[in-house]
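So you can see what is in the structure, the chains are spelled out below.
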Amino acid sequence: MKLILIFISASLINNFVLTYFLGICPFLGVSNKTEDALNMGLATTFVMTLTAAVTWPIYTYILVKFNVPFLSYVAFIIAIAALVQFVEMYIRKSSPTIYRAMGIYLPLITTNCAVLGLALFMVLREYNYIESIIFGFATGVGFTLAMLMMSGIREELEFADVPEVFQGVSITLIIAGMMALAFMGFAGLIRG
Amino acid sequence: MTGNIVIISMVSMGGIGAALSLFLAYADKKLKVEEDPRIEALLNILPNTNCGGCGRAGCRVFAEALIQGTASVTGCVAGGQDIADSIAKYLGVESVKADRVVAVVLCRGGEKETVKNAVYKGERTCVAANLTGGEKACTYSCLGYADCVEACKFDAMTMNDNGLPVVFYDACVGCWACARACPRDIIEMHPMERKLFNYCRNKDKGAVARKICKVSCIACGLCVKDCAVEGGIEMIDNLAVVNYEKCPQDDQPTKRCPTTCILFGEEEKMTKDAYYSSLPKKAV
């Protein structure tokens, strides 16, 4: 039951992009086309799940054990960067097709604050290992969801007659704000 | 105690860092992908604009085709002669002279010359406007929503104040992008030797064409008679068509044209500098 709660909470109620405003850079930058947004979302979900799986042992068995949990920021950044590097190498070797579709997004994910935020939230909320992995996956799903919705709206926006002053980034930010407001509606779910 | 924490921090972080770097170094060795270094070298020669003028998905695919020998060294139309020579030099083959083509916009009926019979309020692209017929009465004319300028990746086109696209003769690389983007096929690609063009595609009868556009081809046949070679210009579907294999490239046929739709040597006048210096100076 707790796992389901974590999943729904991380993907909808406390959506990283729309509630915590983490990972805004790819949210605005790669949401032009639905296809790109989906690829970016999937790549991020993949990395987030792995991040949760790798950073949890580092935190629990190294940082807590040696009583230096304040190093978590640095340790997590190093671990995430190395992880993304490895994933990139592995994909390049195993499937050139996926590499061409996803490869350009991977370096972007390295510096995605949503991934670091996920690792930090995970230890802050004292999840156990399974819960952490579910949390990582759910966060990725939430990110993908936000990306897909944004790209869908932006594709429709191409056909809309946007006033000149709002064109480009400003209308995108206005829409992001409205989406965040709409996601506030999910907050009622958690009590039920 | 403080000293202890510093040491523990250094050791644990150093340990994590060292372990990860060792792991990555091992993975790098293990997962190395053998790639033909020539592809990278060719990509450095190519323009890397991925314009698709070579008929392939992008510069990388073209580079792979070059190495496999399925593409010609002159295949990169955007690069022109210089890049063809560089590629040939790199691959150690003989270079050939590439025919450079430029885009020619075969419509001069802009805002000032044409009659409008509709108001278009839809999406501001030519592809969409073409579905409804656009604003101008002439159904063969330029729609004026700049799909071609949008398609040009080489900054070689712009819309002038008359609502017509202008091709910069010196900047056009001949990649076909604009010709493919135009839903009315007004833009054609022509080798640089061709200088005589009939700037109209209207196939209506003369009386109709004259009413809707001041610079339309009214099929009077004067240019056909004035061409030095018999059959150099033919009248096909109420439109004077230049036969480039026969017609000598001079201004003879243009002299008596009543609507000045057939012109000689107009394209090469429109270089980038010439266009921008002809614009009225804006107050800064």
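Below, the structure is looked at part by part. (Residues numbered from 1 in each chain as written. Chains lettered and ligands numbered in written order. Predicted model: local features only at pLDDT ≥ 70, side-chain atom pairs only at ≥ 80, totals over all residues.)

Within chain A one finds nine helices and zero strands. A total of 192 residues make up chain A; the buried ones form 37% of that total. Looking at chain A alone, contacts between residues at least 24 apart form 79% of all its contacts between residues at least 6 apart. (Helix = DSSP H or I, 4+ residues; strand = E, 2+ residues; numbered from the N terminus. Buried ≥ 20, exposed ≤ 12 C-beta atoms within 10 Å, placed from the backbone. Contact = placed C-beta atoms within 7 Å.)

Assigned secondary structure in chain B consists of 10 helices and eight strands. In chain B, which comprises 284 residues, the share counted as buried stands at 32%. The long-range fraction of contacts in chain B, counting pairs at least 24 apart against all pairs at least 6 apart in sequence, stands at 56%.

Another point: the interface of chain B and chain A. With 14 residues of chain B at the contact, the number on the chain A side is 17 residues. Among the residues making up the side of chain B that touches chain A, the classes are represented as nine nonpolar, three polar and two charged. (Nonpolar A, V, L, I, M, F, W, Y, C, P; charged D, E, K, R; others polar.)

What follows deals with helix α9 (residues 169–184) of chain A. All names here are of chain A. Over its 16 residues, α9 runs 23 Å from end to end, which matches the ideal 22 Å to within 8%, given 1.5 Å per residue. T172, A176 and F183 are the residues of α9 that are buried. Considered in projection along α9, the buried side chains sweep an arc of 40 degrees and stay on one side of the axis. What points out from α9, more than 90 degrees from its buried face, is the exposed set S170, I174, G177, M178, L181, A182 and M184. Close packing links the buried residues of α9 with α2 (24–29) and α8 (129–157). (Expected span 1.5 Å × (residues − 1). Arc of directions from axis to C-beta.)

Bringing the packing of helix α7 (residues 113–124) of chain A against α8 of chain A into the picture now. Residue and element names in this part refer to chain A. Following both chains from N to C, one finds α7 and α8 inclined at 145 degrees, their axes separated by 10 Å at the closest point. As for how α7 packs across α8, the hand of that crossing is right-handed. Contacts between α7 and α8 pair A114, L118 and M122 from the former with S132, F135, G136, T139 and F143 from the latter. Classifying every residue of the contact of α7 with α8 by side-chain character gives five nonpolar, three polar and no charged. (Axes fitted to C-alpha atoms, helices over the stretch in contact; angles between N-to-C directions. Left-handed = near helix turned anticlockwise from the far one by under 90°.)

Right, let's get into the pairing of strand β1 (residues 101–105) of chain B. All names here are of chain B. Counting buried residues along β1, four of its five residues qualify, which places the element largely inside the surrounding structure. Pairing between β1 and strand β4 (residues 187–191): five bridges, direction antiparallel. From the neighbouring strand, V104 faces β4, where its bridge partner is E188. (Pairing = 2+ DSSP bridges.)

Moving on, we get to the pairing of strand β6 (residues 233–236) of chain B. Bridging between β6 of chain B and strand β7 (residues 239–242) of chain B involves four bridges; their strand directions are antiparallel. For I236 of chain B, the partnering residue across the bridge sits in β7 of chain B and is L239 of chain B.

Attention shifts here to the nonpolar core. V105, C107, V167, C172, C178 and C217 of chain B are the most contacted members of the largest nonpolar core, which has 66 residues in total. Two domains each provide a minimum of three residues to this core, namely domain 1 (37–91) and domain 2 (101–277) of chain B. Not counting residues up to four positions away in its chain, the partners in contact with V167 of chain B are V102, A103, V104, V105, A156, M157, C172 and M270 of chain B. F27, A37, V47 and Y105 of chain A belong to the second-largest nonpolar core, a separate cluster that totals 49 residues. (Core = buried A, V, L, I, M, F, W, Y, C linked by C-beta atoms within 7 Å. Domains from an automatic or database assignment.)

A positive phi angle, close to 60 degrees, is found at N67 of chain A, a residue other than glycine. You can see N67 of chain A is positioned in the loop between α3 (34–63) and α4 (72–94). Notably, A219 of chain B is not glycine yet its phi reads approximately 60 degrees, a positive angle. Looking at the element boundaries, A219 of chain B is found in the loop between α8 (206–212) and α9 (222–226).

Glancing now at the packing of α3 of chain A against α7 of chain A. Residues and elements named next belong to chain A. Where α3 contacts α7, the two axes come as close as 10 Å, and the packing angle between them is 45 degrees. Between α3 and α7, the interaxial angle falls into the category oblique. Crossing handedness for the pair α3 and α7: right-handed. Contacts from V47, M48, T51, A52, T55, W56 and Y59 of α3 reach α7 at V115, L118, A119, M122 and V123. (Parallel < 35°, antiparallel > 145°, perpendicular 65-115°, else oblique.)

Residue and element names in this part refer to chain A. Its location among the elements puts L116 in helix α7. In sequence terms L116 and L22 are 94 residues apart; their C-alpha atoms lie 9.4 Å from each other. Apart from residues lying up to four places away in sequence, L116 is in contact with F76, I77 and I80.

Glancing now at the environment of F7 of chain A. Residues and elements named next belong to chain A. Tracing the backbone shows F7 in helix α1 (residues 2–13). For the pair formed by F7 and A138, sequence separation is 131 residues and the distance between their alpha carbons is 5.0 Å. Contacts of F7, omitting those with residues within four sequence positions, involve I134 and A138.

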